[in-house]
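Residue-level structure breakdown
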Amino acid sequence: MTALVGEEAQLIVGEAARRRTFAIISHPDAGKTTLTEKFLLYAGAVAEAGAVKARGARRRATSDWMALEQERGISITSTALQFSYRDHVLNLLDTPGHRDFSEDTYRVLAAADAAVMVLDVAKGVEHQTLKLFEVCRARSLPVLTLLNKCDRPGRDPLELLDEIEEQIGLRPTPVTWPVGIPGDFRGVLDRQTGEFVRYGRTAHGARTAREERADPEVARLSEGPAFERALEEAALLEAVGANLDVGSFLAGESSPLFVGSALTNFGVRHLLDAVVNLVPPPSPRADSTGARRRLEEPFSGFVFKIQSNMDPAHRDHVAFVRVCSGRFERGMTVVHEPSSRPFATKYAASLFGAERETIDVAYPGDVIGLVNAGDLRIGDTLYAGERVAFPSIPSFSPELFARVRPRDTGRHKQFRRGVEQLEKEGVVQVLRDPAGDPDPVLAAVGRMQFEVFAHRLAEEFGAPVDLSPTAHTVARRTDEPTAAALRRTSASIRVLARRDGALLALFESRHWLARLEAEHPEWRLEPVLESGGRRAAP
Ligand code: G4P
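These lines cover the structure that appears in this document, whether it is placed above or below. (Residues numbered from 1 in each chain as written. Predicted model: local features only at pLDDT ≥ 70, side-chain atom pairs only at ≥ 80, totals over all residues. Heavy atoms only, no water.)

A few words on the environment of Arg-405. Tracing the chain through its elements places Arg-405 in strand β24 (residues 400–406). Look at Arg-405 and you get partly exposed, because its relative accessible area is 43%. Sequence-distant contacts of Arg-405, defined by excluding residues within four places in its chain, comprise Phe-415, Asp-439, Val-465 and Asp-466. (Helix = DSSP H or I, 4+ residues; strand = E, 2+ residues; numbered from the N terminus. Buried < 20%, exposed > 50% of the residue type's maximum accessible area, 1.4 Å probe, protein only. Contact = heavy atoms within 4.5 Å.)

As structure tokens, this is what we get:
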């Protein structure tokens, strides 16, 4: 089947052009939830700030698995929010804020066209989340930056620019620049118009703030030396060429930077406008052969996240699908690419936090939640019309490993079912010994993935487990001949198989691995996908 023609094609292309699909990434506590809430407030999707949190609290109260999330005070699960703003449709994908879940973030970013990186002005680039930001950089995703919490004492903004560039490799290009020293924040200089935007707060930031703009002459009089200093710093930025540059932003090399305070609403509208003005709309996505599926071709999309038991009353699986082309209509039958089987989409939902609303149509850039999608896996393509397969989402190179076995051998069936399900969701990678040991080995990027795994197996599948960490710290992809040589080399090296058939060799030390690599250049030992984002050779 060829691309849809005429009005239908025009409609799809037009709807895609209105979409902006993005994610917010931040260190826990930098202000992601607050910013999300304020975006919704400014878009008119909620009447008063507080709604998202209230929904969150309700959700936590009703879900036992979320207990872990609550105990830890972190967000483990992702949500997709859709709202409209200035005649555009914004799809906001949430990401976990903890580095242990950076692989999850990576998968969400595979479905996003851009990211907003929120930094706490007092803290800058926090070591713990460097990994998350590197993930963004590795995908060459366009990134907008918000320096948040400017209402409070913070660090020197010029110093923060250097830090962003050095640590993440993104060149920040300030669009707004603070007026007043940290702790005595007066507002921002809008570098595009030269105007001063005065900082004003609303009661608890519950309602949208009025923006008061003044021309530079007025600002000079009212703000005195604070404004002069901002002008000097802006001249410095100009001199080093730190100016908004859309081309390098789209290439993921520079990052337009905004200064604000999500709590008091300051700068929120400016940033939201930048999302609409700068974030690219969905474009034709390359399939695994490199050919691009045009937006107006029949429906296609890929699964980037699977979540089960979101609602313990239902015990269901929801597969989140990013639409890449065409028009999705609930009830249509599509093809599940890996199995070539038809897949009925009777139960399609859009998700607002944890609350579901049935979705009837969706366009490129939108995210649909397919309920009861037990057979789908992360990375799977669904399509109508001509067959297409989008590239799979690569896994991270795990750094932590643990053998797992059911505590109660009578619960073996539940254990197997649980392991299979959590593997499908990508909670951990599961490795198996093709030759001997029947106990699987879990592989993870962060320790908390193990905790989530054990907690969920016990709570949702009734199969408490014992985990015994192994001494391995690094994995390499290998092949049968090398595997045989490795087994002869040392008993401490384990070669295990992943579900997709890939063989992973596990080593206890990087130094030793480096020595083996030097001594045996003929061995196949390839990085899986380093957390820094380097891809293995195909
Ligand atoms: P997160 O999702 O990134 O983890 O952060 P979240 O928005 O929950 O914000 C973490 C804390 O930082 C919250 O305070 C929030 O109110 C505060 N915060 C967010 N943005 C700003 C800002 O621009 N200025 C200031 N001063 N604070 C900000 P909390 O005390 O932990 O929670 P709450 O009692 O306010 O809800």
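In the vicinity of the ligand, 17 residues are found, and the nearest of them are Asp-29, Lys-32, Thr-33, Thr-34 and Asp-151. One of the backbone N or O atoms of Gly-31 is found 2.9 Å from an oxygen atom in the ligand. One of the side-chain N or O atoms of Ser-261 is found 3.2 Å from an oxygen atom in the ligand. If the ligand stood free it would expose 710 Å²; the protein chains cover 67% of that surface. Looking at the shell around the ligand, the element that brings in the most residues is helix α2 (residues 32–42), giving three residues. Residues belonging to the shell around the ligand are distributed by class as follows: four nonpolar, seven polar and six charged. (Near = heavy atom within 4 Å. Polar contact = N/O pair within 3.5 Å; in protein donor to acceptor, adjacent residues only side chain to side chain. Areas by Shrake-Rupley, 256 points an atom, 1.4 Å probe, with all protein chains shown as cover. Nonpolar A, V, L, I, M, F, W, Y, C, P; charged D, E, K, R; others polar.)

Turning our eyes to something else, we now look at the sheet that holds strand β30 (residues 503–507). Taken together, three strands build an open sheet; the order of strands is β28-β30-β29 and the sheet is antiparallel. The open sheet has two edge strands with one neighbour each: β28 (474–478) and β29 (494–497). Averaged over all pairs of adjacent strands, the angle between strand axes in this sheet comes to 30 degrees, irrespective of strand direction. Relative to β30, helix α14 (residues 480–489) is tilted by about 25 degrees, and along the sheet it contacts β28, β29 and β30. The sheet strands contacting helix α15 (residues 510–519) are β28 and β30, and the helix crosses β28 at an angle near 30 degrees. (Pairing = 2+ DSSP bridges. Axes fitted to C-alpha atoms, helices over the stretch in contact; angles between N-to-C directions.)

Counted residue by residue, strand β11 (residues 254–259) has six buried out of six residues, so it is predominantly covered. Bridge count between strand β5 (residues 143–148) and β11: three bridges; the pairing is parallel. Of the residues in β11, the one forming a bridge with Leu-146 is Phe-258. By the bridge criterion, four bridges tie strand β6 (residues 171–174) to β11 in an arrangement that is parallel.

Attention now moves to the packing of aromatic side chains. Evaluated as defined, the whole model comprises eight aromatic pairs. A ring pair is formed by Tyr-199 and Phe-266, whose centres lie 5.4 Å apart and whose planes are at 85 degrees; its orientation type is edge-to-face. Placement of the pair is Tyr-199 in the loop between β9 (196–198) and β10 (212–214) and Phe-266 in the loop between β11 and α11 (268–278), with a sequence separation of 67 residues. Accessibility classification places Tyr-199 together with Phe-266 in one group, the buried group. Counting every residue linked through ring pairs, the aromatic cluster contains Phe-185, Tyr-199 and Phe-266. (Phe/Tyr/Trp six-rings, centres within 6.5 Å; stacked < 30°, edge-to-face > 60°.)

There is a patch of like negative charges on the surface, built from Asp-156, Asp-162, Glu-165 and Glu-166. Structurally, Asp-162 can be placed in helix α7 (residues 157–168). For Asp-162, a relative accessible area of 46% corresponds to the partly exposed category. (Patch = residues over 30% accessible without salt bridge, like charges linked within 9 Å, V, L, I, M, F, W, Y side chains within 5 Å. Salt bridge = Lys/Arg side-chain N within 4 Å of Asp/Glu carboxyl O. Lys, Arg positive; Asp, Glu negative; His and termini not counted. Charge placed at Lys NZ, Arg CZ, Asp CG, Glu CD.)

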